[in-house]
Amino acid sequence: MGDWGDALGLLSVALAILAAIIYILQTLRGEVRPHPLSWFLFGILSLTGFLVQRGEGVRQGSWTLMAMTVICFLFVAASVARGERSFSPREWAFAVAGGAVFVVYLFTRQSNVAAALTTLVDALGYGPTFVRGWSQPKKDSVASFALNGVKFVPSLMAMDPISFATSFYPATLLVLNAAVAIMLVMRRRALDGRS
């Protein structure tokens, strides 16, 4: 894929960084409240997805998950100071499940199993995100979720080789992030219409 793949990989990383900058600015302005346990879960799952992709020989298409791993763990550190402070047992369970998937992959190197489990845990982990977004749609970032979905388009275009192990997780993240962004917009409009 060469230069074209490099450009797509760099574009996906640039979109990830732009989404992170928007989220940081909105957090500093008090517009959103980051959730440290959610960011930890997403960080450990991004790391697992990245390791799966690299293990399968993916180069440029893996750069997005590498960037997301770093960004998520930076958000964990930042959100401890400015984010939520209480966590439900369900949220702890998701964090433990994410860690378990990571450990299972490290010991088994079963890429398809890891991709399926990573995707499943991440999709379930979006549950609290949807619940919080539904009840408090103005406490999360539409722009950040939208960009976090869009960034996977060039990532998937740069994916080589394309397989279940390399592509299922990022394709699912594209859909989940887009769904959260759409839900937040629709919920805000519905609540504003009632005011």
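All values reported here derive from a predicted model rather than from experimental measurement.

### Topic: the confidence of the model for the chain
- Looking at the chain as a whole, its pLDDT mean stands at 91, while 97% of the residues score no less than 70.
- Per-residue pLDDT, averaged within each element of the chain, yields its smallest value for helix H3 (residues 63-82) (89) and its largest for helix H7 (residues 152-157) (97).

### Side note on the nonpolar core
- Ranked by internal contacts, the top residues of the largest apolar core, which has 31 residues, are Trp39 and Tyr126.
- The dominant element in this core, judged by the number of residues it contributes, is helix H8 (residues 164-194), at seven residues.
- Discounting chain neighbours no more than four positions away, the residues touching Tyr126 are Phe42, Phe145, Leu173, Leu176, Asn177 and Val180.

### What about unusual backbone geometry?
- Across the junction of Asp160 and Pro161, the peptide omega takes the value 10°, indicating a cis bond.
- Following the sequence through the fold, Pro161 ends up in the loop between H7 and H8.
- We note that Arg109 has phi near 55°; this positive angle belongs to a residue other than glycine.

### Focus on the packing of helix H4 (residues 89-108) against helix H5 (residues 111-135)
- One can describe the packing of H4 onto H5 by two numbers: an axis separation of 10 Å at closest approach and a directional angle of 165°. Taken together, H4 and H5 sit at an angle that is classed as roughly antiparallel. As for how H4 packs across H5, the hand of that crossing is left-handed. Residues Arg90, Glu91, Phe94, Ala97, Gly98, Val101 and Tyr105 of H4 lie in contact with H5, whose contacting residues are Ser111, Ala114, Leu117, Thr118, Val121, Leu124, Gly125, Pro128 and Arg132.
- The class makeup of the residues in the contact of H4 with H5 is nine nonpolar, four polar and three charged.

Calculation notes
- Residues numbered from 1 in each chain as written.
- Predicted model: local features only at pLDDT ≥ 70, side-chain atom pairs only at ≥ 80, totals over all residues.
- Heavy atoms only, no water.
- pLDDT = per-residue confidence, 0-100.
- Helix = DSSP H or I, 4+ residues; strand = E, 2+ residues; numbered from the N terminus.
- Core = buried A, V, L, I, M, F, W, Y, C linked by side-chain atoms within 4.5 Å.
- Buried < 20%, exposed > 50% of the residue type's maximum accessible area, 1.4 Å probe, protein only.
- Contact = heavy atoms within 4.5 Å.
- Axes fitted to C-alpha atoms, helices over the stretch in contact; angles between N-to-C directions.
- Parallel < 35°, antiparallel > 145°, perpendicular 65-115°, else oblique.
- Left-handed = near helix turned anticlockwise from the far one by under 90°.
- Nonpolar A, V, L, I, M, F, W, Y, C, P; charged D, E, K, R; others polar.

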